[in-house]
Structure formats: C-alpha cells, structure tokens
Amino acid sequence: QALKKRLELLTDFRTRNNARIITGKKAHTFAYRQQEVVDQEPSIKDFKDRWPALFQQKEVNEFQRLMAVPLKERFMAQLDLHANQLIRVIRAKGGATHQKIADIMDTLDQ
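Residues numbered from 1 in each chain as written. Predicted model: local features only at pLDDT ≥ 70, side-chain atom pairs only at ≥ 80, totals over all residues. Heavy atoms only, no water.

**Concerning a nonpolar patch on the surface**
This is how it is decided: To count toward a patch, a residue needs a relative accessible area over 30% and no salt bridge; like charges are then connected within 9 Å, while nonpolar side chains (Val, Leu, Ile, Met, Phe, Trp, Tyr) are connected within 5 Å. Here, Shrake-Rupley sampling with a 1.4 Å probe gives the accessible areas, and only protein chains in the shown set may cover a residue. Note on definitions: salt bridges are taken to be side-chain nitrogens of Lys or Arg within 4 Å of carboxyl oxygens of Asp or Glu. Strands here are runs of E lasting at least two residues and helices are runs of H or I lasting at least four, both read from the DSSP assignment and numbered beginning at the N terminus.
Residues F63, L66, M67 and L71 make up a contiguous nonpolar surface patch of roughly 370 Å² in combined accessible area. Sorting elements by how many residues they give to the nonpolar patch places helix 4 (residues 57–67) first, with three residues. With respect to the helices and strands, the residue M67 is situated in helix 4.

Next comes the structure, spelled out in structure tokens:
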C-alpha cells in the first residue's frame, strides 16, 4: 500500500500543475516516509531520488517556516567553518578531479 502511494506520488510529481494532488499524497505518505528515515537512514541522494516532491523550493520554504531554521545561511556558515579542511581535501585529490579544479584553486591562492 505505501509503496503504491509512493509510486503514485512520483508519477504525479512528474506531471505539471499537480500541486494540490501532490500535497494530498504527501500527507498520506508522511508516516511511511518518517518510518523509512528512522529505520533505513537513507542518504540524502537516495531519499531525494525516492521522494523528489519534498525537495521543491515550496517544501524547503515550508520547512524553514516551521522549524525557524535559515537553511542557506546555516549552510554558508558551516561551509565557512570547514573551508580550510575542504580545501586541503581538494588539493590532495589527483587525476581528473585535480585538473578540473586547478584554475579555481589557483584563484584562491592569489
């Protein structure tokens, strides 16, 4: 039953102008999604692949409203906090990754 609801939601998400239908189906799948997060602890990527409707800007705004968490500002602050360590990891990479970011890293060095 829950799998069927998830698949219906996924199909409806891919169809335009279905906001009202999607909202209703999200309400019906809340308990299933909650159980999935608690029991399976999926990665964000896997969860986003399974429940893409939850990652729309409207949903992010609703999360911020309910939780009073400024996500973008919090992300940027954490990025600033960990920037040096992140740069060290990036510099340690070799191969294609190193080539792709070499120009960016040169700019940071200036």
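Let's pick the thread back up.
**Digging into the pattern of salt bridges**
This model, assessed by the stated rule, comprises three salt bridges. Put simply, K45 and D49 hold a salt bridge, and the shortest N to O gap is 2.9 Å. Linking K45 with D49, this pair stays in helix 3 (residues 44–50), spanning four residues, or about one helical turn. Residue R65 pairs with E62 through a salt bridge whose shortest N-O separation is 2.9 Å. Of this pair, R65 and E62 both sit in helix 4, three residues apart, roughly one helical turn.

**With respect to the confidence of the model for the protein**
Definition in use: pLDDT measures the predictor's confidence residue by residue and takes values from 0 up to 100.
Looking at the protein, the pLDDT average stands at 83 and 98% of residues meet or exceed 70. When mean pLDDT is compared element by element in the protein, helix 3 scores highest at 90, while helix 1 (residues 2–13) scores lowest at 75.

**Some remarks on the packing of aromatic side chains**
The criterion, for reference: Side-chain rings of Phe, Tyr and Trp, where Trp is taken by its six-membered ring, are said to pair if the distance between their centres is within 6.5 Å; with planes under 30 degrees apart they count as stacked, over 60 as edge-to-face, and otherwise as tilted. Throughout, exposure labels follow a simple rule: accessible area from a 1.4 Å probe, protein chains only, divided by the maximum for the residue type, with under 20% read as buried, over 50% as exposed, and the rest as partly exposed. The criterion for a charge sitting over a ring is simple: Lys NZ or Arg CZ within 6 Å of the ring centre, and within 35 degrees of the ring normal.
A full pass over the atoms with the stated rule returns three aromatic pairs. Taken together, a centroid distance of 6.5 Å and an interplanar angle of 40 degrees make the contact between F47 and W51 tilted. In this structure, F47 and W51 share a single accessibility class: buried. Pairwise contacts between aromatic rings join Y32, F47, W51 and F55 into one cluster. R33 extends its terminal NZ or CZ atom over the ring of W51, reaching a point 5.7 Å from the ring centre.

**Remarks on helix 6 (residues 95–109)**
Since the α-helix turns once every 3.6 residues, residues separated by three or four places project in the same direction. Our working definition: Each helix should span, by expectation, one fewer than its residue count multiplied by 1.5 Å. Each residue is assigned a bend, namely the angle between axes fitted to the seven residues that terminate at it and the seven residues that start at it.
Between its first and last C-alpha atoms helix 6 spans 20 Å; for 15 residues at 1.5 Å apiece the expected length is 21 Å, and the two agree. Remark: the principal bend of helix 6, roughly 50 degrees, maps to A102.

**Looking at the packing of helix 1 against helix 2 (residues 19–40)**
Short version of the rule: Interaxial angle, 0 to 180 degrees, is taken between N-to-C directions of lines fitted to C-alpha atoms, where a helix line uses only the stretch in contact. Roughly parallel means an angle under 35 degrees; roughly antiparallel, over 145; roughly perpendicular, 65 to 115; everything else is oblique. Helix crossings fall into two classes, left-handed where the near helix is turned counterclockwise from the far one by less than a right angle and right-handed where it is turned clockwise. We call two residues in contact whenever any of their non-hydrogen atoms come within 4.5 Å of each other. All residues other than Ala, Val, Leu, Ile, Met, Phe, Trp, Tyr, Cys, Pro, Asp, Glu, Lys and Arg, Gly among them, are scored as polar; the first ten of these are nonpolar and the last four charged.
Contact geometry of helix 1 with helix 2 gives a least axis separation of 10 Å together with a crossing angle of 150 degrees. In terms of axis orientation, helix 1 runs roughly antiparallel to helix 2. Of the two elements, helix 1 crosses helix 2, and the hand of that crossing is left-handed. For the pair helix 1 and helix 2, contact is made by A2, K5, R6, E8, L9, D12 and F13 and by I21, I22, K25, K26, H28, T29 and Y32, respectively. When its residues are assigned to classes, the contact of helix 1 with helix 2 shows six nonpolar, two polar and six charged.

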